[in-house]
Amino acid sequence: ASCIGLCFQIIDDILDVTASPIETGKSASDIENKKNTFTSAMPVEEAYDYAVKKTIEAIMAVNRTDSDGMLAAFATYLLMRQK
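In short, a report on the structure.

Across its full length, the protein carries 5 helices and 0 strands. Listing every helix and strand of the protein by position from the N terminus yields α-α-α-α-α. When the backbone C-alpha atoms are referred to their principal axes, the protein occupies close to 40 × 25 × 15 Å. Here the protein, with 83 residues, has 35% of them falling under the buried criterion. The contacts of the protein with a sequence gap of at least 6 include a subset with a gap of at least 24, amounting to 68%. Approximately 5,500 Å² of the protein is accessible, and the part contributed by carbon and sulfur atoms is 59%.

Okay, structure coming up:
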């Protein structure tokens, strides 16, 4: 669960700097609000690579109990989401 939550936040931070407010549905970004983000601590590409790593960790953690693959699919969706 922590890896899935972390992946969600990393992708959210990436979308804040790579997508328009119309695409994300947000009126103000975390950067405008002077919040610490993954993309303020590292380049976007490095943040994405970290999100991939955390997604893989999440999938590996749920593989034993995720008989229908729903949790793994959800983790992958969070990594690939566009808004």
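Structure shown, so let's carry the discussion forward.
Checked against the element boundaries, lysine 83 lands in the segment after helix 5 (70–80). Each C-alpha atom, one on lysine 83 and one on asparagine 33, is 19 Å from the other, the two residues being 50 residues apart in sequence. Apart from the residues within four sequence positions on either side, lysine 83 is in contact with Leu15, Glu23 and Thr24.

Helical periodicity: at 3.6 residues per turn, an α-helix aligns residues three or four positions apart in one direction. Here helix 1 (residues 2–18) spans 24 Å end to end across 17 residues, near enough to the 24 Å set by a 1.5 Å rise per residue. Among the residues making up helix 1, those that are buried are Cys3, Ile4, Cys7, Ile10, Ile11, Asp12, Asp13, Ile14, Leu15 and Asp16. Elements that come into contact with the buried residues of helix 1 comprise helix 2 (21–24), helix 3 (38–41), helix 4 (44–62) and helix 5.

The end-to-end C-alpha separation of helix 4 is 27 Å, in line with the 27 Å expected for 19 residues at 1.5 Å each. Taken as a whole, helix 4 has its buried residues at Ala47, Ala51, Lys54, Thr55, Ala58 and Val62. Each buried residue of helix 4 lies within a common arc of 110° when the element is viewed along its axis, so the set occupies one face. Relative to its buried face, helix 4 has exposed residues pointing more than 90 degrees away, namely Glu45, Asp49 and Met60. Along its buried surface, helix 4 packs onto helix 1, helix 3 and helix 5.

Attention now moves to the nonpolar core. Counting residues in hydrophobic clusters, the biggest one holds 15 residues, and the most contacted among them are Cys7, Ile11 and Ala51. Secondary-structure elements contributing two or more residues to this core are helix 1, helix 4 and helix 5. Not counting chain neighbours up to four residues away, the residues in contact with isoleucine 11 comprise Tyr48, Ala51, Leu78, Leu79 and Arg81.

Analysis parameters
- Residues numbered from 1 in each chain as written.
- Predicted model: local features only at pLDDT ≥ 70, side-chain atom pairs only at ≥ 80, totals over all residues.
- Heavy atoms only, no water.
- Helix = DSSP H or I, 4+ residues; strand = E, 2+ residues; numbered from the N terminus.
- Buried < 20%, exposed > 50% of the residue type's maximum accessible area, 1.4 Å probe, protein only.
- Contact = heavy atoms within 4.5 Å.
- Areas by Shrake-Rupley, 256 points an atom, 1.4 Å probe, with all protein chains shown as cover.
- Expected span 1.5 Å × (residues − 1).
- Arc of directions from axis to C-beta.
- Core = buried A, V, L, I, M, F, W, Y, C linked by side-chain atoms within 4.5 Å.

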